Amino acid sequence: MDAFLAAVVFGISLLTPVLDNDSGTRPLTLQGALYAAVICASLTLRRRCPSAVLAVTASGTAAAFAVTGHKSPLMLATMIAMCTCALHLPRRKAVLEVAATAVLLAGTSVVFDHRGWTGPEVVALSALSASAAAVGFAVRNRRAYVAAVEERARRAEQTREEEARRRVVDERLRIARDLHDVLAHHIALINVQAAVVDLVLETEPVQARESLAHIRRAARSSLEGVRTTLGLLRQPDAPDEAAYEPSPGLADLADLIASFTAAGLIVDQKITGTPVDLPPAVGLTAYRVVQEALTNASRHASRPNAELELDYLPSALRIAVRNPAGPVPRSQSTGPDPLALGEGGHGLLGMRERASALGGTFTTQLTEGRFEIRVLLPHEGTGT
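The rules behind these values
- Residues numbered from 1 in each chain as written.
- Predicted model: local features only at pLDDT ≥ 70, side-chain atom pairs only at ≥ 80, totals over all residues.
- Heavy atoms only, no water.
- UniProt positions renumbered as here; feature names shortened; annotations may be inferred.
- Core = buried A, V, L, I, M, F, W, Y, C linked by side-chain atoms within 4.5 Å.
- Buried < 20%, exposed > 50% of the residue type's maximum accessible area, 1.4 Å probe, protein only.
- Helix = DSSP H or I, 4+ residues; strand = E, 2+ residues; numbered from the N terminus.
- Contact = heavy atoms within 4.5 Å.
- Salt bridge = Lys/Arg side-chain N within 4 Å of Asp/Glu carboxyl O.
- Expected span 1.5 Å × (residues − 1).
- Pairing = 2+ DSSP bridges.
- Axes fitted to C-alpha atoms, helices over the stretch in contact; angles between N-to-C directions.

The name an unreviewed UniProt entry gives the protein chain is histidine kinase, with Streptomyces aurantiogriseus as the organism. Per UniProt, the protein chain has the following entry under Catalytic activity (unreviewed entry): "ATP + protein L-histidine = ADP + protein N-phospho-L-histidine."

(A) Representation of the nonpolar core in the model. Formed by 33 residues in total, the largest nonpolar core has its most connected members in Leu-253, Leu-294, Leu-308, Ile-319, Ile-373 and Val-375. At the level of elements, α8 (253-262), α9 (280-300), β2 (305-313), β3 (316-324), α11 (346-357) and β5 (370-378) are the ones that each hand at least two residues to this core. Looking at this core, the element that brings in the most residues is α9, giving 8 residues. Setting aside chain neighbours within four positions, we find Val-375 in contact with Val-289, Leu-317, Arg-318, Ile-319, Ala-355, Thr-361 and Phe-362. Core analysis: the second largest hydrophobic core is formed by 26 residues, Cys-40, Val-53, Ala-77 and Phe-137 among them.

(B) Quick look at the pattern of salt bridges. For the structure shown, the criterion picks out 10 salt bridges. The partner of Arg-322 in a salt bridge is Glu-309, with the nearest N and O atoms 3.1 Å apart. In this pair, Arg-322 is assigned in strand β3 and Glu-309 in strand β2, connecting sequence segments 13 residues apart. When its relative accessible area of 17% is taken as the criterion, Arg-322 is described as buried. One salt bridge in this structure joins Arg-322 and Glu-372, with 3.0 Å as the shortest N-O distance.

(C) Region of interest: helix α4 (residues 75-88). A rise of 1.5 Å per residue sets the reference length of α4, with its 14 residues, at 20 Å; its end C-alpha atoms lie 20 Å apart and thus fit the reference within 8%. By the criterion of burial, α4 is predominantly enclosed, with 11 of the 14 residues buried. Every buried residue of α4 is listed here: Met-75, Ala-77, Thr-78, Met-79, Ile-80, Ala-81, Met-82, Thr-84, Cys-85, Ala-86 and Leu-87.

(D) Inspection of the sheet that holds β5 at higher detail. Read from one edge to the other, the open sheet built from 5 strands follows the order β1-β2-β3-β5-β4, with strand pairing classed as mixed. Among the strands making up the open sheet, the edge pair consists of β1 (266-273) and β4 (361-367). The average undirected angle you get between the axes of adjacent strands in this sheet is 15 degrees. This element, α9, spans β1, β2, β3 and β5 of the sheet and lies at about 5 degrees to β3.

Written out as structure tokens, the structure reads:
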């Protein structure tokens, strides 16, 4: 591109003396053609050495003006060099070099044309220099603007991709928690009742049939819960609140405790404070926390009993579940985090994530042979 530009300027410098009708214009000589070729060839290096190219072209233009006494067509090469300096050099340096070149050309005109600093030749040279610099700065600003827009678009696209990935991860965690909460409780009950059936099938058939009925109800509830969760996944445009509408709340706590009682777990329930209608998200989280805590108690407690305490505060709900601790593996008994007490830790981890999602707290502790889960769920007072 630069070589083509240099060839065009060289061609113009060769044709100008031929096409110029001014009788004062000197005819083109071989020496002048070689001189113009050197000046124009320097334009091929204008991007790598803009200052040096400007010095060569400006010196050549001034020398040609001093020899001929007329504006040289090589002034076009100087203007291109000025534009290149304005485009690639630091702004202050570019302004200084363009100004110095303009003064050099104007001074040459004053010295050899003898018309003074206000003559038309000086004004024309100054205007050409300013125009060349203005074009370079305009192109430079345009490129900077386009680069800034592209960078903002790239960052916006990157932010959208990160946000999409974060939402996918959050949705996967929510699905994992929901499926765990739906299945873990009922499968634990099915496991207990199946063990009862195995023990009393031949000796007490009536009790065996009751256990089988509990198994059928638990299996049916599991299927309904999974069907509900999958149905929500098939509604990508539904609002966030829709995820809580078919889900249980503290109003279903009696049925939940009854299912554990049927499985042989004795639950002592205590309610303090004034019960209020909780927001759907808080009610669902409270239900899931109680469900998972009682499921852990039925699986890991050394004795089949648990204590459930619900404390209704003015702007929060405090949940506490305590049960006799079962045997803890030696590798976990010395762990600083009681969360490690859960087998696999997924249930306790799910409770912690649910509480954190609402801005609440989740703590566990093992003291005097009793394992306790405490959860605090804040809310904005009475729900609607």
